[in-house]
Amino acid sequence: MKTGTRHLRSSLVALLITFSCVWQAAGQSSGNKQRMNIIFIVADDLGYGNLSSYNAGSRIRTPFIDKLAKEGTRFTRFYAGSPVCAPSRCALMTGYHMGHAYIRGNADQHLRPEDTTLAQRLQSRGYVTGMFGKWGLGEENDSGAPQYKGFDEFFGYLNQRHAHHYFTDHLFELKDKQLSQVQTDSQYSHDLIMDHALAFVREHKENPFFLYLPVTIPHAELLLPQKYLQPFLNADGSSKLGPETPFVQKNPKSYHSQAQPHAAFAAMITKLDADIGRLMQLLKELGLDNNTYVFFTSDNGPHKEGGADPDFFDSNGPLRGIKRDLYEGGIRVPMIVRAPGKVPAGRTSNQVWTFWDVLPTICGLTGTPAPDNIDGLSFVPAILGKKQEQQHDHLFWQFNEGQLKQAVIQGDWKLVRFKKKGTPEILELYNIAKDIGEQKDLAAQYPDKVKALKPLLQQSVSPAANAAFDWSDLQ
């Protein structure tokens, strides 16, 4: 009897342990499913006016991205980190603006060991992290390489100049903690990047994941497979967009020539839009549609390289300026956020926020600790359609290519500063609430406003950044 009792007790204990393990596993699984996935898509050099949801008169229709906007919130006052690629992505990943970020230009720089990223923070929170597209913040064997900056998987370009070429013979892949060069047989890189991104979602559908998708289109090389270009050509091979002026590249190491640049650009935007549609369809098929925050934006304003024609396509919409400008057209970019049941659908918001706010915002959405010494703020309330209490006192940009360019926005006012060494500075003042196209310089009319805003330019730059320039000549 005692032996039977012992057996019964042992069986009950074993059964309780089994139930406990099953309950814990179920709880963990349930927790994983309840934790929202994050997909952050960055188009390359896509202008504010290149989406039909932002520009009703656009020559190119973007129905899938427009659907994203209808099912989520469209922000009209969102700003990139910089008017060019690498520093803008640095701001996105680190939460610092151009007065404090380590990478401030498109020179070959890489993130340092002390520079932590959004991916590292989400990885430490238990997210599977994948990046597919263009990195631009580190090379294969330096401290800025993807495997050292929080990514479990990567496929694409490390160097941004390499990303100028869509039909390259190699890309890089991070798998099982090993980063290696892989041969691509000169296949169209964007298709390979999208295939890897979709495979990442399928593979990790049971786990919370962070998909960073910095695609390379519609960046400057206007080149893509004929099957994507064909819908924009007439039966005789001419462009449906009218007479074309061919772009001829004399430097074989630069962008590829293109006989029909307008048709090619339209085809690239259309291809990007279709692939966003593919991604959203996959989320539905996998049952992830209601469990994923999807962000869509661009790294800076539209380009005028490789035969691109932003005037023809009204790529900056109502804004002035393009890539490399600190006018609105160079830094104000689309931002769409979608998460059914969480982000209000069909809403347009004029909330002012930026690339350096993305890190603390996504940390806030995922319950991930964010650093308290960065420039970014959490805009979770604004995304969820609630009152946003935290606001920036001002926003700051600096760009040093060719000359020093600085800009500061405070409220409705924007001050833009140009300075070449040995020449007088130029200060321009705009009321962007009344003059979105920055057509009327009010500096002479409102000298007190200029005087009030100008100190913010230098105050926004760290001493380390000051040391890189001869500020005695720039005051």
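Residues numbered from 1 in each chain as written. Predicted model: local features only at pLDDT ≥ 70, side-chain atom pairs only at ≥ 80, totals over all residues. Heavy atoms only, no water.

1. Quick look at the packing of aromatic side chains
- Evaluated as defined, the whole model comprises 22 aromatic pairs.
- With a centroid separation of 5.1 Å and 70° between ring planes, the pair formed by tyrosine 48 and tyrosine 54 is classed as edge-to-face. For the pair shown, tyrosine 48 and tyrosine 54 are each scored as buried.
- An aromatic cluster of three or more residues is present, and its members are Phe75, Phe78, Trp353, Phe355 and Phe379.
- If you follow arginine 320 out to its NZ or CZ, it ends over the ring of tyrosine 327, 3.9 Å from the centre.
- Stacked on the ring of tyrosine 48, the Lys or Arg arginine 332 has its end atom at 6.0 Å from the ring centre. (Phe/Tyr/Trp six-rings, centres within 6.5 Å; stacked < 30°, edge-to-face > 60°. Buried < 20%, exposed > 50% of the residue type's maximum accessible area, 1.4 Å probe, protein only. Lys NZ or Arg CZ within 6 Å of the ring centre and 35° of its normal.)

2. Some points on unusual backbone geometry
- Cis rather than trans, the peptide bond between isoleucine 217 and proline 218 has omega equal to 5°.
- In this structure, proline 218 sits in the loop between strand 7 (209–213) and helix 6 (226–229).
- Notably, lysine 177 is not glycine yet its phi reads approximately 70°, a positive angle.
- If you trace the backbone, lysine 177 turns up in the loop between strand 5 (170–175) and strand 6 (178–183).
- Positive phi, close to 50°, is recorded for glutamate 438, a residue that is not glycine.
- With respect to the secondary-structure elements, glutamate 438 resides in the loop between strand 14 (426–431) and helix 12 (447–459).
- On the basis of relative accessibility, which here comes to 0%, the residue glutamate 438 falls in the buried class. (Helix = DSSP H or I, 4+ residues; strand = E, 2+ residues; numbered from the N terminus.)

3. What about the pairing of strand 13 (residues 413–419)?
- Strand 13 sits mainly inside the fold: seven of its seven residues count as buried.
- Neither face of strand 13 is left uncovered, since the one carrying Trp413, Leu415, Arg417 and Lys419 and the one carrying Lys414, Val416 and Phe418 both have all their residues buried.
- Here strand 12 (residues 404–410) pairs with strand 13 via seven bridges, running antiparallel. Following the sheet pairing, glutamine 410 is matched in strand 13 by tryptophan 413.
- Turn length for the strand 12-strand 13 hairpin, with the two strands adjacent in sequence and antiparallel, is two residues, and the turn residue glycine 411 shows positive phi of about 65°.
- Pairing analysis gives six bridges linking strand 13 to strand 14, with the strands arranged antiparallel. What sits directly across from arginine 417, in strand 14, is leucine 427.
- Between strand 13 and strand 14, which follow one another and run antiparallel, lie six residues, and glycine 422 among them has a positive phi close to 85°. (Pairing = 2+ DSSP bridges.)

4. Some thoughts on the sheet that holds strand 13
- An order of 11-12-13-14 is seen for the four strands of this open sheet, with the pairing classed as antiparallel. Two strands close off the open sheet at either side, each with one partner strand: strand 11 (395–399) and strand 14. The sheet shows a mean angle of 10° between the axes of neighbouring strands, direction not considered.
- Across five bridges, the pairing between strand 11 and strand 12 is antiparallel. Each bridged residue has a counterpart across the sheet, and for phenylalanine 396 the counterpart in strand 12 is valine 408.
- Each of strand 11, strand 12, strand 13 and strand 14 is contacted by helix 12, which is oriented at about 65° to strand 13, the strand it contacts most. (Axes fitted to C-alpha atoms, helices over the stretch in contact; angles between N-to-C directions. Contact = heavy atoms within 4.5 Å.)

5. Notes on the sheet that holds strand 6
- Here ten strands make up an open sheet; going across it, the order is 6-5-4-3-7-1-8-9-2-10 and the pairing mixed. For this open sheet the edge positions go to strand 6 and strand 10 (347–354), each flanked by a neighbour on one side alone. On average, each strand axis in the sheet is tilted by 15° relative to the strand beside it, whichever way the strands run.
- As defined by bridge partners, strand 2 (residues 73–79) adjoins strand 9 (residues 335–338) across three bridges and the pair is classed as antiparallel. The partner of phenylalanine 75 across the bridge, within strand 9, is methionine 335.
- Across the sheet, helix 5 (residues 189–203) lies against strand 3 (128–134), strand 4 (153–157), strand 5 and strand 7, angled at about 170° from strand 7, the strand it touches most.
- Lying over the sheet, helix 10 (residues 358–366) contacts strand 1 (37–43), strand 2, strand 8 (292–298) and strand 10, oriented at roughly 160° with respect to strand 1.

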